[in-house]
Structure formats: structure tokens, C-alpha cells
Amino acid sequence: MSSNGPEKSHATLRYTSMRVSIFLGCLLVALLLGHFQIIPVTGEAGMVFLFLLAAIASAPISYALLSKQRDEMSAQISGKVTGLRNRTAERIAAQNAEEDAADDAARAAAAGQN
């Protein structure tokens, strides 16, 4: 497991799977409402309407219910970006130090020839 603990190691996967589950639950409810003619639907346009209805209904439900998982996912992504940024800065600093050392050596060699 990660140093963040087992509950935060797969925050993105957990959030995404819970979000999809909420959408599928809303879709099931919409399909049942359509099947029992509580919502009048006909043809392919009606099915598209039910999918859109499920998407629209699942958005605020996910927003309200998954705030903790969303915060964990955000922290996980932020940590990875910060680590990547730090490694990149260290690598650039090391490359600059190598270039400075090569320039200093070239200047010393040029001064020694004069």
C-alpha cells in the first residue's frame, strides 16, 4: 500500500466507481419510471431522454454524497503533482550544476593556455 494508507491509495478509482454506481442507480430508477409509464417515453428519443435524466439527477446526488471521496482524490492528485514538480526542479538544478561545472572547467582551461 501507499504511505497515505490503504484508504487513500486508490481515491480516484473509489470516487469514479461510486460516481458510476450513483449514475447507474439513477438510470435504473429512470428506466423503471419509463417502463411503468410514469414518465411517458417512446422510441430512441425517449431512451436518450432517460439517460439524460439519469445524468442530470446523479450530478447533484454525487456532489452531495461524495464530497469526502472527492477531497481525498484531490489530495492524492495534488500530492502526485507536487512530487512530480519537485523531481523536475531537482533534475533541472542538477543539469544546471553540470553545465556550470563544464563552463568553469572550460574557462579554467582557457585561462591556463593564456
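A brief report on the enclosed structure follows. The shown structure was predicted, so the numbers you read here are calculated from the model rather than taken from an experiment.

Bringing the nonpolar core into the picture now. Ala11, Tyr15, Ile22, Cys26, Leu27, Ala54, Leu66 and Met73 together form the largest nonpolar core, which totals eight residues. Counting residues per element, this core draws most heavily on helix α1 (residues 11-35), at five residues. Among all residues touching alanine 54, those that are not within four sequence positions of it are Phe23, Cys26 and Leu27.

A complete count under the given rule lists two salt bridges for this structure. Residues glutamate 72 and arginine 14 are paired through a salt bridge, measuring 3.4 Å at the closest nitrogen-oxygen approach. Of this pair, glutamate 72 sits in helix α3 (residues 67-113) while arginine 14 is found in helix α1, placing the two residues 58 residues apart along the sequence. For arginine 107, the salt bridge goes to aspartate 104, with nearest N and O atoms at 3.8 Å.

Time to look at the packing of α1 against helix α2 (residues 43-65). Packing of α1 against α2 leaves a shortest axis separation of 8 Å and a crossing angle of 135°. Here α1 is positioned oblique relative to α2, judged by the angle of their axes. At the point where α1 passes α2, the crossing takes the right-handed sense. Residues Arg19, Ile22, Phe23, Cys26, Leu27, Ala30, Leu31 and Gly34 of α1 pack against Met47, Leu50, Phe51, Leu53, Ala54, Ala55, Ala57, Ser58, Ala59, Ile61, Ser62 and Leu65 of α2. Its residues assigned to classes, the contact of α1 with α2 comprises 16 nonpolar, three polar and one charged.

This part covers unusual backbone geometry. Residues other than glycine seldom take positive phi values, yet glutamine 37 does so here, at roughly 60°. Along the chain, the position of glutamine 37 falls in the loop between α1 and α2. For glutamine 37, a relative accessible area of 53% puts it in the exposed group.

Thresholds, definitions, all that
- Residues numbered from 1 in each chain as written.
- Predicted model: local features only at pLDDT ≥ 70, side-chain atom pairs only at ≥ 80, totals over all residues.
- Heavy atoms only, no water.
- Core = buried A, V, L, I, M, F, W, Y, C linked by side-chain atoms within 4.5 Å.
- Buried < 20%, exposed > 50% of the residue type's maximum accessible area, 1.4 Å probe, protein only.
- Helix = DSSP H or I, 4+ residues; strand = E, 2+ residues; numbered from the N terminus.
- Contact = heavy atoms within 4.5 Å.
- Salt bridge = Lys/Arg side-chain N within 4 Å of Asp/Glu carboxyl O.
- Axes fitted to C-alpha atoms, helices over the stretch in contact; angles between N-to-C directions.
- Parallel < 35°, antiparallel > 145°, perpendicular 65-115°, else oblique.
- Left-handed = near helix turned anticlockwise from the far one by under 90°.
- Nonpolar A, V, L, I, M, F, W, Y, C, P; charged D, E, K, R; others polar.

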